[in-house]
Amino acid sequence: MAQGRNASTTSGFGWPVERPRPTLMLLLNGVLLALCLVSSLAVIATSHEIRERYARLQQLENEQQQLQTEWGQLLLEESAWSSPSRIERLASQRLEMRLPDVDEVEVIQP
């Protein structure tokens, strides 16, 4: 085996194995480091965006709950204002309306 060879060595079986050059290893390590940094920054950005969207979702769910409560209150109010007994009472008090007697009712045929 020649002493001047630094680009290859022998494996445990005696076969020659090529060793990468140091500059190629540095370049490969730099590329892998850059990819790891980019990947970690992407994870950070994604986590931040998820937290922002979750906070927005919580706000929207709270707003939905408030609107649902208000809608229920408005339905109750509408049913109170439009109850038949209230309408009949207002018609008789304010408009002086009354139910007609049986002999005052006329049936019109089409």
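Nothing here was measured: the structure is a model prediction, and the numbers come from that model.

Calculation rules
- Residues numbered from 1 in each chain as written.
- Predicted model: local features only at pLDDT ≥ 70, side-chain atom pairs only at ≥ 80, totals over all residues.
- Heavy atoms only, no water.
- Helix = DSSP H or I, 4+ residues; strand = E, 2+ residues; numbered from the N terminus.
- Buried < 20%, exposed > 50% of the residue type's maximum accessible area, 1.4 Å probe, protein only.
- Areas by Shrake-Rupley, 256 points an atom, 1.4 Å probe, with all protein chains shown as cover.
- UniProt positions renumbered as here; feature names shortened; annotations may be inferred.
- Arc of directions from axis to C-beta.
- Contact = heavy atoms within 4.5 Å.
- Polar contact = N/O pair within 3.5 Å; in protein donor to acceptor, adjacent residues only side chain to side chain.
- Lys, Arg positive; Asp, Glu negative; His and termini not counted.
- Salt bridge = Lys/Arg side-chain N within 4 Å of Asp/Glu carboxyl O.

Undergrad: Give a detailed account of the overall build of the protein, specifying residues and quantitative values.
TA: Counting its regular elements, the protein contains two helices and two strands. Counting every position in the protein, which comprises 110 residues, the buried fraction comes to 5%. If you sum the accessible surface of the protein, you get close to 10800 Å²; carbon and sulfur atoms cover 61% of it.

Undergrad: Explain the UniProt feature "coiled-coil region" (unreviewed entry) in the protein to me, using residue names and the numbers behind them.
TA: Here, the residues flagged by UniProt with the feature "coiled-coil region" (unreviewed entry) are residues 50-77. This span, residues 50-77, is 100% helix and 0% strand, and a straight line between its end C-alpha atoms measures 40 Å.

Undergrad: Go over helix 2 (residues 84-94) with me, naming the residues and quoting the values.
TA: Along helix 2, the residues classified as buried are Arg-86, Leu-90 and Ala-91. Projected down its long axis, helix 2 carries its buried residues within an arc of 135°, all on one side. Counted as exposed and oriented over 90 degrees from the buried face of helix 2: Pro-84, Ser-85 and Glu-88. On the buried face of helix 2, the contacting elements are helix 1 (22-81). Phi for Glu-96, located one or two positions after helix 2, is positive at around 55°.

Undergrad: Please provide a residue-by-residue account of the environment of Glu-52, values included.
TA: Locating Glu-52 in the fold gives a position in helix 1. When its relative accessible area of 48% is taken as the criterion, Glu-52 is described as partly exposed. Within the structure, the side chain of Glu-52 is placed 2.9 Å from the side chain of His-48, a separation counted as a polar contact.

Undergrad: Go over the side chain of Arg-86, please, and point to the residues and values.
TA: Topologically, Arg-86 is positioned in helix 2. Among buried charged residues, Arg-86 stands out as having no salt bridge; its nearest opposite-charge side chain is Glu-77, 9.3 Å away. A polar contact of 3.2 Å, which involves the side chain of Arg-86, links it to the backbone oxygen of Trp-81. With residues near it in sequence (within four places) discarded, Arg-86 still touches Ala-80 and Trp-81.

Undergrad: Go over unusual backbone geometry, please, and point to the residues and values.
TA: One non-glycine residue, Glu-96, adopts positive backbone phi at about 55°. Tracing the backbone through its elements, the reader meets Glu-96 in the segment after helix 2. Taking relative accessible area as the criterion, Glu-96 reaches 71% and is therefore assigned exposed.

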